[in-house]
Amino acid sequence: MPANNTVYNRGPVMNLIDSPSFPSGHTTYGFMGSILLAVLVPERYPQMITRASEYGNDRILMGAHYAMDVLGGRTLATYDLAHLLANDPAYVGRTLKGAPVIKDYQAAVTAARADLTETLKTICGADIKTCAQDDIGRLSNPAMNQAAYDATQTYGLPVVYPKNFGVKEDVNTLAPEAGHLLTVAFPSLTLEEANQILTETEGPGGGFLDDGSSFGVYSRLNLYAASMSAIDLSERKAAQSK
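In this text the structure is predicted, and so the values were computed from the model without any measurement. (Residues numbered from 1 in each chain as written. Predicted model: local features only at pLDDT ≥ 70, side-chain atom pairs only at ≥ 80, totals over all residues. Heavy atoms only, no water.)

S.K.: How should I be thinking about the packing of helix H2 (residues 45-61) against helix H10 (residues 223-241) in this particular structure?
M.R.: When two helices pack together, their arrangement is given by the angle between their axes and by how far apart the axes lie. Closest axis-to-axis distance for the H2/H10 pair is 9 Å, and the angle between their directions is 175 degrees. Taken together, H2 and H10 sit at an angle that is classed as roughly antiparallel. Between H2 and H10, the contacting residues are Tyr45, Pro46, Ile49 and Thr50 on the first element and Leu223, Tyr224, Ser227, Met228 and Ile231 on the second. A class-by-class count of the residues in the contact of H2 with H10 yields seven nonpolar, two polar and no charged. (Axes fitted to C-alpha atoms, helices over the stretch in contact; angles between N-to-C directions. Helix = DSSP H or I, 4+ residues; strand = E, 2+ residues; numbered from the N terminus. Parallel < 35°, antiparallel > 145°, perpendicular 65-115°, else oblique. Contact = heavy atoms within 4.5 Å. Nonpolar A, V, L, I, M, F, W, Y, C, P; charged D, E, K, R; others polar.)

Here you go:
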């Protein structure tokens, strides 16, 4: 069925009465996988976040979800992965048939990144940063990536919590574990520095999930802008240590 980037103004073309749409499961899966890949290959963090937003937006384009469903999936994935990376007792140590029990998720991701880095370096023949700079694919244009991500930050939905619109909510106070989304990827950053970056790069806020709660603040995190700032700070720290 023909669709374009304004399809969300009309609503899904599927029967959502018998198939509840909120939150979007595909978007939850897409953001969880993309952010995890971003943490594993931090040199490609912004590109992975762009891909995540594209993944969710595609669910709207195909008429399977409302914009609110996609924003809900994004928020849920970001919240859950942050708690996993923080080794929240409510999240780690879970059993899954055929899979090992992971009691230290952050350590498991760090170990996986070390293995993946060596594999990618062998395949590429150089360090990942150098190889990433040779990218000429569709995600190689930072300006286009940011524009694509920004378009999906709120989808232009109305503000429902005016007290939070345009006000910086302190991530370190509301959701201190959120900083792990950056520190695990960029180990030179402290958790406080990471949360400060997340606070400074927040979206406009006041959306339907941004009710001032620790969960709500995740709905306005802008991981694309935050990752760019994190890369800049980590590179400056590396230069100062030489």
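S.K.: Would you mind showing me how to read the side chain of aspartate 210 here?
M.R.: Considering the arrangement of structural elements, one finds aspartate 210 in the loop between helix H9 (191-200) and H10. The exposure class of aspartate 210 is buried, given its relative accessible area of 1%. Of the polar contacts made by the side chain of aspartate 210, one reaches the backbone nitrogen of glycine 206; its length is 2.7 Å. When near neighbours in sequence (up to four residues on either side) are disregarded, aspartate 210 contacts Tyr161, Asn164, Glu169, Gly205, Gly216, Val217, Ser219 and Arg220. (Buried < 20%, exposed > 50% of the residue type's maximum accessible area, 1.4 Å probe, protein only. Polar contact = N/O pair within 3.5 Å; in protein donor to acceptor, adjacent residues only side chain to side chain.)

S.K.: Would you mind showing me how to read unusual backbone geometry here?
M.R.: Note: most peptide bonds trans; most residues except glycine with negative phi. The omega torsion across phenylalanine 22 and proline 23 is -10 degrees, close enough to zero to call that bond cis. Relative to the helices and strands, proline 23 resides in the segment before helix H1 (25-40). Even without a glycine there, the phi angle at asparagine 87 is positive, about 55 degrees. Tracing the chain through its elements places asparagine 87 in the loop between helix H3 (67-85) and helix H4 (105-124). By relative accessible area, which is 23% here, asparagine 87 ends up partly exposed. Positive phi is not limited to glycine here, since tyrosine 155 has a value of about 55 degrees. Residue tyrosine 155 is classed as buried on the basis of its relative accessible area of 7%.

S.K.: What's the story with the pattern of salt bridges in this structure? I'm lost.
M.R.: In a structure, side chains of opposite charge can pair up when their charged atoms sit close to one another. The final tally for this structure, using the stated rule, is ten salt bridges. Among the ionic pairs, arginine 44 bridges to aspartate 135, the shortest N-O distance being 3.1 Å. Of this pair, arginine 44 sits in the loop between H1 and H2 while aspartate 135 sits in the loop between helix H5 (128-133) and helix H6 (142-151); the two residues are 91 residues apart in sequence, bridging distant segments of the chain. Exposure remark for aspartate 135: the relative accessible area of 23% places this residue in the partly exposed category. One salt-bridge network, in which partners are shared between bridges, spans Glu169, Glu202, Asp210 and Arg220. (Salt bridge = Lys/Arg side-chain N within 4 Å of Asp/Glu carboxyl O.)

S.K.: Would you take a moment to explain a nonpolar patch on the surface for this structure?
M.R.: Taken together, the side chains of Phe22, Tyr66, Met68 and Leu157 make up a nonpolar region of the molecular surface, amounting to roughly 360 Å² of accessible area. Within the element layout of this structure, phenylalanine 22 appears in the segment before H1. (Patch = residues over 30% accessible without salt bridge, like charges linked within 9 Å, V, L, I, M, F, W, Y side chains within 5 Å. Areas by Shrake-Rupley, 256 points an atom, 1.4 Å probe, with all protein chains shown as cover.)

S.K.: Mind showing me how you'd approach the state of the cysteines here?
M.R.: A disulfide bridge is the covalent bond that connects two cysteines by way of their sulfur atoms. Applying the stated criterion across every chain yields a total of one disulfide. Each sulfur of the disulfide joining cysteine 124 and cysteine 131 lies 1.2 Å from the other. Here cysteine 124 and cysteine 131 share a disulfide; its torsion about the S-S bond, -90 degrees, makes the bridge left-handed. Its relative accessible area of 36% is what places cysteine 124 among the partly exposed residues. (Disulfide = S-S within 2.5 Å.)

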